[in-house]
Amino acid sequence: MILDVQQIHGFYGKSHILQGVTLRVGEGETISLLGRNGAGKSTTLKSIAGVVTPQRGTVTFKGEPIHKLAPHKIASRGVCFVPEHRGIFRLLSVEENLRLGARKDSPWQLDDIYRIFPRLKERRTNGGAQLSGGEQQMLAIGRALLNHPRLLMLDEPVEGLAPVIVEEIVAQLKLIKQAGVAILLVEQNLEVCSQLADRHYIIEQGVIVYEGDNAAFIADESIKDRYLGVGVV
Ligand SMILES: Nc1ncnc2c1ncn2[C@@H]1O[C@H](COP(=O)(O)OP(=O)(O)OP(=O)(O)O)[C@@H](O)[C@H]1O
Ligand SMILES: [Mg+2]
């Protein structure tokens, strides 16, 4: 296991959002975390990244507890979090955004990112604010790769993007997965989840209510009706 989350409880003020979330990600494994709006998906990723501090429970990364560490310490161990709004600096250029997270020891360097996402190369002097949604997502993923991720956590990476851009991003995520990076993916697009993930979790009101491998998940349509409200016709 690269990541072992055990019984974490997360709060915003007095609101008890995560009520004992337990999930695991194996080495090189891609996991999807699904659930309705407000179920606690983003809060789970934030709790792993240290943006929200779990009040109870443990998060173990590569055998060591990380749930009491500051976000930058967690990131420096290789937990890369691409938040929903992508965390792009609007006033910096594409290249400046990329260089911010770059590390010399990463298997991915700037030229690799430009090879993976040629659009970023074309727009390297453009400001972050001038990018389309798809380009922003590519930039956020590119920056995470430069930071040498051991675990890449993506919060709705293809939300609101055109199908052709979704395909492009999914194809690149498959290559990142093949390179051995473990991925924890929050995504509402079931097609994307079943293309990428080896295993799926469903969270409901801050509790994991389902866990299954990809074959079982695809085969069981009742799950999608029950927990996601997106019955396959
Ligand atoms: N900063 C915050 N302060 C207070 N409550 C919050 C905050 N962020 C989220 N919440 C609440 O916590 C609950 C879980 O939110 P979370 O963002 O984890 O849901 P989600 O599963 O990611 O939903 P979505 O699919 O809409 O992104 C929701 O009820 C939400 O209103
Ligand atoms: Mg969310």
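Anything mentioned here points back to the structure above.
My aim in this report is to walk through the structure given alongside it, one point at a time.

About the thresholds
Every chain's residues receive numbers from 1 upward, in the order its sequence appears when written. Chain letters start at A and ligand numbers start at 1, both assigned in the order the entries are written. Only residues with pLDDT of 70 or above have their local features reported here, since the model is predicted, and side-chain atom pairs are shown and tallied only from 80 upward, although totals for entire chains, interfaces and linings are computed over all residues. Each nonpolar core comprises buried Ala, Val, Leu, Ile, Met, Phe, Trp, Tyr and Cys residues, the members being joined through C-beta atoms within 7 Å. Exposure criterion: with C-beta atoms placed from backbone coordinates, a residue whose C-beta has 20 or more other C-beta atoms within 10 Å is buried, one with 12 or fewer is exposed, and one in between is partly exposed. We call two residues in contact when the distance between their C-beta atoms, placed using the backbone, is within 7 Å. Numbering of helices and strands runs from the N terminus, with a helix taken as a DSSP run of H or I at least four residues long and a strand as a DSSP run of E at least two residues long. Multiply 1.5 Å by the residue count of a helix minus one, and that product is the helix's expected span. A pair of strands is considered paired only if DSSP assigns at least 2 bridges between the two. Only the C-beta atom matters for this test: placed from the backbone, it must lie within 6 Å of a molecule or strand for the residue to be near it. We call Asp, Glu, Lys and Arg charged. Ala, Val, Leu, Ile, Met, Phe, Trp, Tyr, Cys and Pro are nonpolar, and the rest, Gly among them, are polar.

Val79, Leu151, Leu152, Met153, Leu184 and Leu185 are the most contacted members of the largest nonpolar core, which has 58 residues in total. Here Val79 is in contact with Ile48, Ala49, Phe61, Ile74, Leu151 and Met153, once residues within four sequence places are set aside.

Quick look at helix H6 (residues 133-146) now. Between its first and last C-alpha atoms H6 spans 20 Å; for 14 residues at 1.5 Å apiece the expected length is 20 Å, and the two agree. When you tally the buried positions in H6, you get 13 out of 14 residues, the bulk of the element. Positive backbone phi, approximately 60°, marks His148, located one or two places after H6.

Now for the environment of Val25. With respect to the helices, strands and loops of the structure, Val25 is situated in strand S2 (residues 15-25). Measuring from C-alpha to C-alpha, the distance between Val25 and Trp108 comes to 22 Å, with 83 residues separating the pair along the chain. Ignoring sequence-local partners within four residues, the contact set of Val25 consists of Met1, Ile2, Leu3, Ile31, Leu151, Ala182 and Leu184.

On to the sheet that holds strand S5 (residues 64-65), then. Sheet architecture is open: four strands sit in the order S2-S1-S4-S5, paired in antiparallel fashion. What marks the edges here is a single partner per strand, and that holds for S2 and S5. In this structure, strand S1 (residues 3-12) lies alongside strand S4 (residues 56-61), joined through five bridges in antiparallel fashion. Residue pairing in the sheet places Val5 in a bridge with Val59 of S4.

Neighbouring ligand 1 are Tyr12, Ser15, Ile17, Gly35, Asn37, Gly38, Ala39, Gly40, Lys41, Ser42 and Thr43. Of all the secondary structure elements, the ones that give two or more residues to the shell around ligand 1 are S2 and helix H1 (41-49). The biggest single contributor to the shell around ligand 1 is H1, with three residues. Each residue belonging to the shell around ligand 1 can be placed in one class, and the counts come to three nonpolar, seven polar and one charged.

Glancing now at the pairing of S4. Bridge count between S4 and S5: two bridges; the pairing is antiparallel. Across the sheet, the residue bridging to Thr60 is Pro65, located in S5. Once S4 ends, the chain turns through two residues before running back antiparallel as S5, passing Lys62 with a positive phi of about 50°.

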